[in-house]
Amino acid sequence: MIDVLYFAWVRERIGVPREKVETQAKTVADLVEELKAREPRYEAAFADISALRVALDQDLAEFDAPLAGVREVAFFPPMTGG
């Protein structure tokens, strides 16, 4: 079981800020595919993953990162600031 967190417009499209997900995914990309297959709101949120960033246990990661041992996955748009 993995905690999945959604921030900003990702949360708005999916409709929840977080959820526990039972997954067989080996990588973040595999998890995204599982989520997209759930229902249209997930498909909309993950339609363009180039517009997203991901963190595994609060460390920035890539979509090909393995999920073995990960407790938390967070999806969010790129951040800017100064």
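Scroll up to find the structure this text is about.
Residues numbered from 1 in each chain as written. Predicted model: local features only at pLDDT ≥ 70, side-chain atom pairs only at ≥ 80, totals over all residues. Heavy atoms only, no water.

Colleague: Looking at this structure, how should I read the environment of V16?
Modeller: The topology assignment puts V16 in the loop between helix 1 (9-14) and strand 2 (18-21). The exposure class assigned to V16 is partly exposed, which follows from its relative accessible area of 26%. Along the backbone, V16 and L5 are 11 residues apart, and their C-alpha atoms lie at a distance of 8.5 Å. Discounting chain neighbours no more than four positions away, the residues touching V16 are Y6 and R11. (Helix = DSSP H or I, 4+ residues; strand = E, 2+ residues; numbered from the N terminus. Buried < 20%, exposed > 50% of the residue type's maximum accessible area, 1.4 Å probe, protein only. Contact = heavy atoms within 4.5 Å.)

Colleague: Honestly, helix 2 (residues 28-36) in this entry has me stumped. Any pointers?
Modeller: Buried within helix 2 we find V28, L31, V32, L35 and K36. Burial along helix 2 is one-sided: seen end-on, the buried residues are contained in an arc of 135°. Those residues of helix 2 that are buried are in contact with strand 1 (2-6), strand 2, helix 3 (40-45), strand 3 (53-56) and strand 5 (72-76). (Arc of directions from axis to C-beta.)

Colleague: In this structure, what is going on with the sheet that holds strand 2? I would like to understand it.
Modeller: Hydrogen bonding along the main chain pairs the strands of a sheet, whether they run parallel or antiparallel. Sheet architecture is open: 5 strands sit in the order 2-1-5-3-4, paired in mixed fashion. At either end of the open sheet lies a strand with only one pairing partner, and these are strand 2 and strand 4 (59-61). The mean angle between the axes of side-by-side strands here comes to 30°, regardless of whether they run parallel or antiparallel. (Pairing = 2+ DSSP bridges. Axes fitted to C-alpha atoms, helices over the stretch in contact; angles between N-to-C directions.)

Colleague: Looking at this structure, I do not really get the nonpolar core. What am I missing?
Modeller: As a rule of thumb, soluble globular proteins bury nonpolar side chains together. Y6, V28, L31, F46, L67, V73 and F75 are the most contacted members of the largest nonpolar core, which totals 23 residues. Broken down by secondary-structure element, the contributors of at least two residues to this core are strand 1, helix 1, helix 2, helix 3, strand 3 and strand 5. In terms of residue count, helix 2 provides more of this core than any other element does, 4 residues in total. Not counting residues within four places of it along the chain, the set of residues in contact with V73 comprises I2, D3, V4, L5, L31, V54, A55, L56 and L67. (Core = buried A, V, L, I, M, F, W, Y, C linked by side-chain atoms within 4.5 Å.)

Colleague: Got a minute to help me understand the pattern of salt bridges in this structure?
Modeller: Two side chains bearing opposite charge may form a pair once their charged atoms approach each other closely. Per the counting criterion, the structure on display carries 4 salt bridges. Notably, a salt bridge pairs E19 with R38, separated by 3.0 Å at the nearest N-O pair. In this pair, E19 sits in strand 2 while R38 sits in the loop between helix 2 and helix 3, placing the two residues 19 residues apart along the sequence. Take R38: its relative accessible area is 39%, and that puts it in the partly exposed class. (Salt bridge = Lys/Arg side-chain N within 4 Å of Asp/Glu carboxyl O.)

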